[in-house]
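Architecture at a glance
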Amino acid sequence: MEAPFLYITTFFSLGILLGRFLFLPYVFLTLMAASVVVLFFVYKKGKNVSLLLILPFALLGAILTGFALNAPNPYERLDGKFIAIKGKVCDVKEEEGYAKYVVKPENLPKILITQYGGEYPKKGDIVEVRGIVSLPKPSSNPGGFDYQLFLRKKGIYAVMRIHPYGTSIIGRRANLFEEILWRAQERIKENFLASMPKKDAQFLITSFLGEKVLDDQILTQFRTVGISYITAVAGMQVAIISGFVLYILSLVHLTRYRAFILLPVLIFYAFLTGLNPPVIRAVVMASIAVIGATYGKNKNSINSLSFAAFLILLFNPLMLWDVGFQLSFVATLAILYFYRPIDERLFKLPSYLKGIIALNLSAQIGTIPFVMYYFHYISFVSFLSNIAIVPLVNIAIILGFLSAFLGFVFPTASVFVNYINIPFIELLFKVTSFFEKFPYASVNVFIPPVIVIVLYYIVLGILISGIELRKKKLAVAASFMVVAVIFFWNYFVPKDLEVTFLDVGQGDATFVRTPHGRAFLIDGGGNPVFSNSSFDIGEDILLPFLYYKGVIKLDAVFISHTDIDHIGGIITVLENMKVDRVFIGVQKVEDQNFKKMMEVAGKKRVPVIFLKKGDKVEVDGVKVYVLHPDPGNLIEENPINNNALVFKMRYGNISFLFTGDIEKPAEEVLKESDLKTHVLKVAHHGSSTSSTPEFIEKADPQVFVIQVGKNSYGLPSERVVKYLKERGKLYRTDENGAVIVRTDGVKARIYPFLKGVKE
């Protein structure tokens, strides 16, 4: 085999995928032992065992992943309890108004602390933190972010939020290497910040050290023009530093010692940037290349890349689900396979342009499905922007590296280098801003189905394979036919009505997809105004979910009322996605949330239609009958909640009743209406001020859904929960995650996302 580790790593990765969904350690261990015995006897007979070797590696991947995911969590017994934890601070990231840092207690796994205000600890400090322990949640919505897996990859098993009085710095404990490393990081950051404009310094800290401190507006600009990768420390930075060091060594005639000089530099840089998988990959590959060149050994780049991936996954198999890991390795693999063929076909262009275009195009060929899947966009100006910006990035990184080195031995020269670097970084920002203004510089796209992504890479594999051209054409044509059938099936063949009660924490948001694929939202969740979190329900839950469902346009949005936990996410959706129309009930009180929504809708030219009792709306055969509010009988008590939009949604013989946050006064008014329904969205998150027996008896649903999250209001009421369970089947988004209802208009099927059980 020319690249044995390519096969080993591929099957090891397949084993990791198997281990995530199937935890059978003793079965896998038995199979692995049996396969090793078979291998031994086959080898003794003098036969080739190369292909047979991959089976034990696949089983090893499944075993390691199973134990990584199913290891007991000692914080489970502490969940929801107020405790004090003493430990060493491993990592710190400061934001405006708060800091996140990881604490490693002596007898417990790592815990992530979010501290709001006060004195923040530094890496190596020994702290005592006091607060309520929480377990990170897995993904609770289809296509949602798996926070539990994200933290588990980093060895973090619990989280805690504290205020300044909840932490005490009681000492410091760090070994010599850690102190050198952390002091170097601080010295480099101080060096940049002291002699450069803040924005320029933040760019270098982000792109050279890997700390995400750049302003969100600049990061958005980079994303729009297709250069987000320059802020992720990876192969580009390692290549630039390696090239610069090797060039200096050639000038002073020390190339024979390049391995002894470059390798320590790269290894220290890897530690300096936090041992991120892309950096480890680049350092391993560069090290193999330099050692091979020094000692006259031929190098196999694909085998080196595969070996680097195998090493990372062997120590932490969960890194297979790390976006940076995936993008780094896929991009590098694509460059190795496609760079030369593309470069050869651009023979009429200058060598510099050929190199930039071939590098960028080959990387995009490899990563475009991942970019669509994770980031939901495509940049149409990236080819042009990269030609102009990559040289500036190269210069900025080289000067940043030189400044960092001189900062330890000759600080005055370091300041001078930073002054030289400023115009290059400023020009980089200006060029980025120029390309961002191009029409359709970047467009949002839906997430392609997994089968389409798999077929895409199968086609790439066929194209680079050695099979004859005629068979390649047939295989590619067959793949395109399969994709065409999938899209035809998804968008033209009628299906069941799908209603998804989303988990948006303490709030309401429901997604509806009609049989012919038209889509609308009912409410959109939102953070309370006093929340310190930067988490945005619309940006972090609703939009990713919509892209996951293949939605890039909403036919309608229904807003029950203007409390922030119902309208907050809708405002974000209006700002970022095409919406045909907004429906809301006639308003007795026009609060700031309503005015903000009207402002955004006006700016985006989205018509806002005010509904009242007796109105009817129809979307693709799905009928909406408005029951409340009545303009002639608006309620004075708690007017925003009690004049919320209430409607019955019917498809065939199956109906849903949506009640917003109405309370007893509104339920009294409504009990004369036709409330009979199959599925009831329980009013006001299960509050004791709603769900009166008379109202529930009149509606007489078979299924209740409470949309609720952690809160300080005591919701849902224990009395209400007990009563509803006596009346029918009850689901809660805080326990079941998203609750998905599918119906053909005759029967309905309920799928609680976190339970995985069909009811």
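Look above for the structure.
Below or above, wherever it landed, is the structure these notes cover. (Residues numbered from 1 in each chain as written. Predicted model: local features only at pLDDT ≥ 70, side-chain atom pairs only at ≥ 80, totals over all residues. Heavy atoms only, no water.)

So, on to the environment of histidine 561. Among the structural elements, histidine 561 can be located in the loop between strand 13 (556-559) and helix 19 (564-576). For the pair formed by histidine 561 and asparagine 641, sequence separation is 80 residues and the distance between their alpha carbons is 6.8 Å. When residues no more than four places from it in sequence are discounted, the contact partners of histidine 561 are Asp523, His566, Ile567, Ile640, Asn641, Ala644, Gly660 and Asp661. Separated by 2.8 Å, the side chains of histidine 561 and serine 560 make a polar contact. Reaching out from histidine 561, the side chain makes a polar contact with the side chain of aspartate 563 at a distance of 3.3 Å. (Helix = DSSP H or I, 4+ residues; strand = E, 2+ residues; numbered from the N terminus. Contact = heavy atoms within 4.5 Å. Polar contact = N/O pair within 3.5 Å; in protein donor to acceptor, adjacent residues only side chain to side chain.)

Bringing the nonpolar core into the picture now. Counting residues in hydrophobic clusters, the biggest one holds 53 residues, and the most contacted among them are Phe192, Phe203, Phe208, Phe222, Val238 and Leu428. Among the secondary structure elements, those contributing two or more residues to this core are helix 5 (176-195), helix 6 (198-209), helix 7 (216-224), helix 8 (235-251), helix 9 (258-272), helix 10 (277-294), helix 14 (382-409) and helix 15 (411-436). Discounting chain neighbours no more than four positions away, the residues touching phenylalanine 192 are Ala201, Leu204, Ile205, Phe208, Gly400, Ser403 and Asn418. Counting 33 residues, the second-largest nonpolar core is a separate cluster that includes Ala509, Ile537, Leu543 and Leu546. (Core = buried A, V, L, I, M, F, W, Y, C linked by side-chain atoms within 4.5 Å. Buried < 20%, exposed > 50% of the residue type's maximum accessible area, 1.4 Å probe, protein only.)

Attention now moves to the pattern of salt bridges. Overall, the coordinates contain 28 salt bridges when judged by the stated rule. Between glutamate 186 and lysine 189 there is a salt bridge, and its shortest N-O distance comes to 3.1 Å. Taken together, the positions of glutamate 186 and lysine 189, both in helix 5 and three residues apart, correspond to about one turn of that helix. The exposure class assigned to lysine 189 is buried, which follows from its relative accessible area of 14%. Linking lysine 681 and aspartate 508 is a salt bridge whose minimum nitrogen-to-oxygen distance equals 2.6 Å. Of the two residues, lysine 681 is situated in strand 21 (residues 679-681) and aspartate 508 in the loop between strand 9 (497-501) and strand 10 (509-513); the sequence distance between them amounts to 173 residues. Residue lysine 681 is classed as buried on the basis of its relative accessible area of 3%. A single network of salt bridges, built from pairs that share partners, joins Asp125, Arg172, Glu179 and Arg183. (Salt bridge = Lys/Arg side-chain N within 4 Å of Asp/Glu carboxyl O.)

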